[in-house]
Amino acid sequence: MQARDTAESGDLRRNLKSRHLSMIAIGGSIGTGLFVASGATIAQAGPGGALVAYALIGLMVYFLMTSLGELAAFMPVSGSFATYGSHFVDPAFGFAQGWNYWYNWAITVAVELAAATIVMKFWFPDTPGYLWSALFLSIIFGLNYFSVKGFGEAEFWCSLIKVVTVLVFIVIGLMMVFGIMHGSVQPDWSNLHTGEAPFVGGIPTVISVAMIAGFSFQGTELIGVAAGESADPGKNIPRAVRQVFWRIMLFYVFAIAIIGVLLPYSDPLLLKNDITDVGASPFTLVFERAGLAFAATLMNAVILSAIISAGNSGMYASTRMLYTMARTGMAPKLFAKLSDNGVPRNALYATTLIAMLCFLTSLFGDQMVYLWLMSASGLSGFIAWLGIAVSHYRFRRGYLHQGHDLKDLPYTAYFFPFGPLLAFALCLLITLGQGYEGLQAATIDWQSVMAAYIGIPLFLVLWLGYKIKYKTRVVPLAEMTFPRRD
C-alpha cells in the first residue's frame, strides 16, 4: 500500500545511498574526455598548457559543485536546475533550463549508443552497428525501468571500473616517472621542455583546450538531479561535494601531469581525438610502453564501460527532468505519472524514443552521426552550468535579504560571491568561444559554426517564448519562497 501511495502522491523514492552518490559524483567526471581527448589537449597546448587548462576548468567545476551543493542540500528535488531557476531567477528561465537539460541528456544517450557501436567494432568488425545500439539501449532502458536502485547500482560499478583504471594508471605512471618500473621508454623529464613545451601556441591554444576540458567535466552536476532520490540529502550531498575538489585534482590534473611527462606532445597518435582508434588513448600508450601487451583490449573495455555509464546517467537525468517539469506544469502531465515502485515510466519512454536516434548510425555511417549529435548536445551542458551559477547567486542574495541565517543551511558554499561569479564568467567565455576556430579560418566554415552555436538560439527561443506567453518576470528577492526545514 505504501508503494501505491508514493506513486499516486507524485513522490520519488529516496533509495540512493551515500555510496551511490559518491560514485555518481566521481563517475560523472570520468569518461572518454579523460581516456581519449586528454591526449589531443596535450598535443595542442603542450603538457604545461593542458595542465593549466584542466586545472582552471577544474576550479570552475569545483565552484559550480559547491553552488549546487548548497542548493541541493537545502532543496533536494529531482529537477534541480529547472526548479531552482524558476524559484530564484524567473519561471521562464527555469522552463528553458529544464527543457535544455532534458534535450542535452536525451541526445547524449543517442551519442553514447552511437559511440558504443564504434567501440564494439574493435572486437566484432563485421557485426552491424544497429544490433549493438539495440542491445545497449535495451540494457540502459532496463536499468532505469524497474527502480532507481538499478540506475544507482549500475552507476556504482561502472564508476568503480573507471576509478580503479585511473588509479592503476597513476601508480604505473609514477613508477615509470621515477624509474621504479622500466618500460620501453625511460622518461628523463625532457618531454616538459623539448620543442615549444611546456606551453605550445600560447594563451589562445590554452583557451581552446579549456573548452575541450569543459566538455570532459560535464556530468558532475548529476548529484543535483540525484538529490531528489537520495536517502539523506542534507548529509550525503555535502559529503559528495566536499570530495569533488580532490577527485578533480587526482583524476584529471594528476593524470594529465603524468601523461605530459611520459609522452611527448609531438607524438602523432595524440593528435587523434576520437574513439575509432583506441590506440590513440594516452592511457593505452602509457600502458603499452610499460610493457602491458593487453593495453588496447583493456582500455577498449574501460571506454565501453564509460560509455554505458554516460548513457545510463543520461537516461536517468533526462527522465527525472521531464518528470519534474511535468509536475510543475511545464511539460505534459502524463510525464508526471509514476509506477508503483516510483519510476516515471512515461518520461522514460519519451526519452528512449529520442535515444533511438542512435539507429541512424546504421544508415548514415557511425562517425558522421556521432559527431553531429555530439555537436548538437554539447553546448547545452554549459548552459546548464550557467544556470547553476545564476540560481545560486540569486538564492543566496534572497535568503539573506529575507533575514535567514546561513547557519541554518545544511551546507554553505565557500568563496561566495566570488565562486559563482567566476564560474559564470568562465562558462560564458567557453559558451561564446565554441566556434572561435571556425570564425578565425581563412574561409569560414559556417556549417561548423552553426553546429557549435545551435544550442544558444534554442535556449533563447524557449526562454523568451515562455516569458512572452505567460508574462513572467524576474523573481524579486523579497518574494522568493524557501521551504521550511524542521
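Small disclaimer: the values here were computed from a predicted structure and weren't measured.

Our focus in this paragraph is the pattern of salt bridges. Taken as a whole and judged by the stated rule, the model has four salt bridges. In this structure, the salt-bridge partner of Glu70 is Arg396, at a minimum N-O distance of 2.8 Å. You can see Glu70 sitting in helix α3 (residues 32-74) and its partner Arg396 sitting in helix α16 (residues 366-401), a full 326 residues away along the chain. With a shortest N-O distance of 2.8 Å, Arg289 and Asp267 are connected by a salt bridge. Pair noted here: Arg289 is in helix α12 (residues 282-289) and Asp267 is in the loop between α11 (244-262) and α12, with a separation of 22 residues, a long-range link. Among the residues examined, Arg289 registers a relative accessible area of 21% and is labelled partly exposed. Since its relative accessible area comes to 9%, Asp267 is described here as buried.

Compared with an ideal rise of 1.5 Å per residue, which puts 30 residues at 44 Å, helix α5 (residues 91-120) spans 44 Å between its outermost C-alpha atoms and is within 8% of the ideal. In terms of residue burial, α5 counts as a mostly covered element, since 27 of its 30 residues are buried. The N-capping residue of α5, defined by a side-chain oxygen 3.0 Å from the backbone nitrogen of Ala92, is Asp90.

Right, let's get into helix α17 (residues 418-432). For α17, with 15 residues, the first-to-last C-alpha span of 21 Å sits near the 21 Å given by 1.5 Å per residue. If you check which residues of α17 are buried, you get Gly419, Pro420, Ala423, Leu426, Cys427, Ile430 and Thr431. Mapping the buried residues of α17 onto a view down its axis gives an arc of 135°, with all of them on the same face.

For the rest of this paragraph, the subject is a nonpolar patch on the surface. A cluster of nonpolar residues, Phe122, Trp123 and Phe124, forms a patch on the protein surface that exposes about 270 Å² of accessible area. If you trace the backbone, Phe124 turns up in the loop between α5 and α6 (129-145). According to the relative accessible area criterion, Phe124 is partly exposed, its value standing at 39%.

Direction vectors running N to C along helix α10 (residues 233-242) and α11 enclose 35°, while the axes themselves pass 4 Å from each other. Mapping the contact onto sequence places Ala240, Val241 and Arg242 in α10 and Val244, Phe245, Trp246 and Arg247 in α11. Partitioned by chemical class, the residues of the contact of α10 with α11 number five nonpolar, no polar and two charged.

Right, let's get into the nonpolar core. Phe35, Met60, Leu64, Tyr101, Phe169 and Trp385 are the most contacted members of the largest nonpolar core, which has 132 residues in total. Not counting residues within four places of it along the chain, the set of residues in contact with Met60 comprises Trp385, Ala423, Leu426, Cys427 and Ile430. Listed in part, the six residues of the second largest apolar core include Val89, Leu379, Ile383 and Phe459.

Residue Pro417 is bonded to the preceding Phe416 through a cis peptide linkage, with omega at 5°. Relative to the helices and strands, Pro417 resides in the loop between α16 and α17. Of note, the phi angle at Phe415 is positive, near 60°, even though the residue is not glycine. Within the secondary structure, Phe415 sits in the loop between α16 and α17. In this structure, Lys471 is a non-glycine residue whose phi angle is positive, near 55°. Under the relative-accessibility criterion, Lys471 is labelled exposed at 70%.

Packing of α3 against α10 leaves a shortest axis separation of 9 Å and a crossing angle of 175°. The angle between the axes of α3 and α10 places the two elements in the roughly antiparallel class. In this structure, α3 contributes Met65, Thr66, Gly69, Ala72 and Ala73 to the contact, and α10 contributes Pro233, Gly234, Ile237, Pro238 and Val241. Classifying every residue of the contact of α3 with α10 by side-chain character gives seven nonpolar, three polar and no charged.

What counts and how
- Residues numbered from 1 in each chain as written.
- Predicted model: local features only at pLDDT ≥ 70, side-chain atom pairs only at ≥ 80, totals over all residues.
- Heavy atoms only, no water.
- Salt bridge = Lys/Arg side-chain N within 4 Å of Asp/Glu carboxyl O.
- Helix = DSSP H or I, 4+ residues; strand = E, 2+ residues; numbered from the N terminus.
- Buried < 20%, exposed > 50% of the residue type's maximum accessible area, 1.4 Å probe, protein only.
- Expected span 1.5 Å × (residues − 1).
- Polar contact = N/O pair within 3.5 Å; in protein donor to acceptor, adjacent residues only side chain to side chain.
- Arc of directions from axis to C-beta.
- Patch = residues over 30% accessible without salt bridge, like charges linked within 9 Å, V, L, I, M, F, W, Y side chains within 5 Å.
- Areas by Shrake-Rupley, 256 points an atom, 1.4 Å probe, with all protein chains shown as cover.
- Axes fitted to C-alpha atoms, helices over the stretch in contact; angles between N-to-C directions.
- Contact = heavy atoms within 4.5 Å.
- Nonpolar A, V, L, I, M, F, W, Y, C, P; charged D, E, K, R; others polar.
- Core = buried A, V, L, I, M, F, W, Y, C linked by side-chain atoms within 4.5 Å.
- Parallel < 35°, antiparallel > 145°, perpendicular 65-115°, else oblique.

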